[in-house]
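What the coordinates show
Here's the letter readout for the chains.
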Amino acid sequence: MAGIPITEDISIDESELAESFILATGPGGQNVNKVASAVQLRFDVLHSPSLSDDMRQRLIRIAGRRLTKTGELVLTGRRHRSQEQNRADVRARLVKLLRDAAMPPIPRRKTRPPAASRKARVENKAARGQLKRLRGRPRED
């Protein structure tokens, strides 16, 4: 079982990936019309046994529009002229997405503004109010 290492504990089996080669647009001269150098990689996120439920949910959120309605992650690589470079590029992008999904988010801790900044805010409000009162019409007392 040849696996693609994601983290120390997680690896994706090669059989979970489906690659197809398509004609690429862009540079390549006459070769671009003859050789299918672009790579389309598909990875079934919803049915992958290698992913935990938490990681799967984070990956679905991270993937965005690259995820189909059936739960397949589709990555297309056409940056390079050669099929092998595009293939390596797409796999590297998949590994990066999976590593990002493997890291649990850091929980936010509630914080309060320090007493000195609260005091400075109140004093600033009082000073602004006093300045605005001085701009008004003079009172006859």
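Note on numbering: residues in each chain are counted from 1, in written sequence order. Restriction of local features to residues with pLDDT of at least 70 applies here, the model being predicted, together with a cutoff of 80 or more for giving and counting side-chain atom pairs; totals for whole chains, interfaces and linings are based on all residues. Working from all heavy atoms in the structure, the side-chain values ignore hydrogens and water.

1. Some remarks on the nonpolar core
- For our purposes a nonpolar core is just a set of buried Ala, Val, Leu, Ile, Met, Phe, Trp, Tyr and Cys residues, chained together by side-chain atoms within 4.5 Å. Three exposure classes are used, based on accessible area relative to the maximum for each residue type with a 1.4 Å probe and protein chains only: buried under 20%, partly exposed in between, and exposed over 50%. Grouped together as the largest cluster of nonpolar side chains are 23 residues, with contacts concentrated most on Phe43, Leu51, Leu59, Leu73, Leu94 and Leu98.
- Helix and strand assignments come from DSSP, with helices taken as H or I runs of at least 4 residues and strands as E runs of at least 2, each series counted from the N terminus. Of all the secondary-structure elements, those providing two or more residues to this core are β4 (38–44), α1 (53–63), β5 (72–77) and α2 (83–102).
- In terms of residue count, α2 provides more of this core than any other element does, seven residues in total.

2. Some remarks on α1
- Within α1 the residues assigned to the buried category are Met55, Arg56, Arg58, Leu59 and Ala63. In a view along the axis of α1, the buried residues occupy a sector of 165°, so they form one face of it. Residues of α1 that are exposed and angled more than 90 degrees away from the buried face: Asp53, Asp54, Gln57 and Arg61.
- What makes two residues a contact is simply this: any of their non-hydrogen atoms within 4.5 Å. Taken together, the buried residues of α1 touch β4, β5 and α2.
- Gly64 sits one or two positions beyond α1 and adopts a positive phi of about 65°. The arc in question is the one traced by the directions running from the helix axis out to the C-beta atoms.

3. Here's the deal with the sheet that holds β5
- Pairing is antiparallel in the open sheet, where three strands are placed in the order β3-β4-β5. With one partner strand each, in any of the chains shown, β3 (17–22) and β5 form the two edges of the open sheet. On average, each strand axis in the sheet is tilted by 20° relative to the strand beside it, whichever way the strands run.
- Relative to β5, β4 runs antiparallel, the two sharing six bridges. The residue of β5 that forms the bridge with Asp44 is Glu72.
- Across the sheet, α2 is in contact with β3, β4 and β5; its angle to β5 comes to roughly 140°. By this definition, two strands are paired if DSSP reports at least two bridges between them. Axis angles are defined between N-to-C directions and span 0 to 180 degrees, where every axis is a line fitted to C-alpha atoms and, for a helix, only to the segment in contact.

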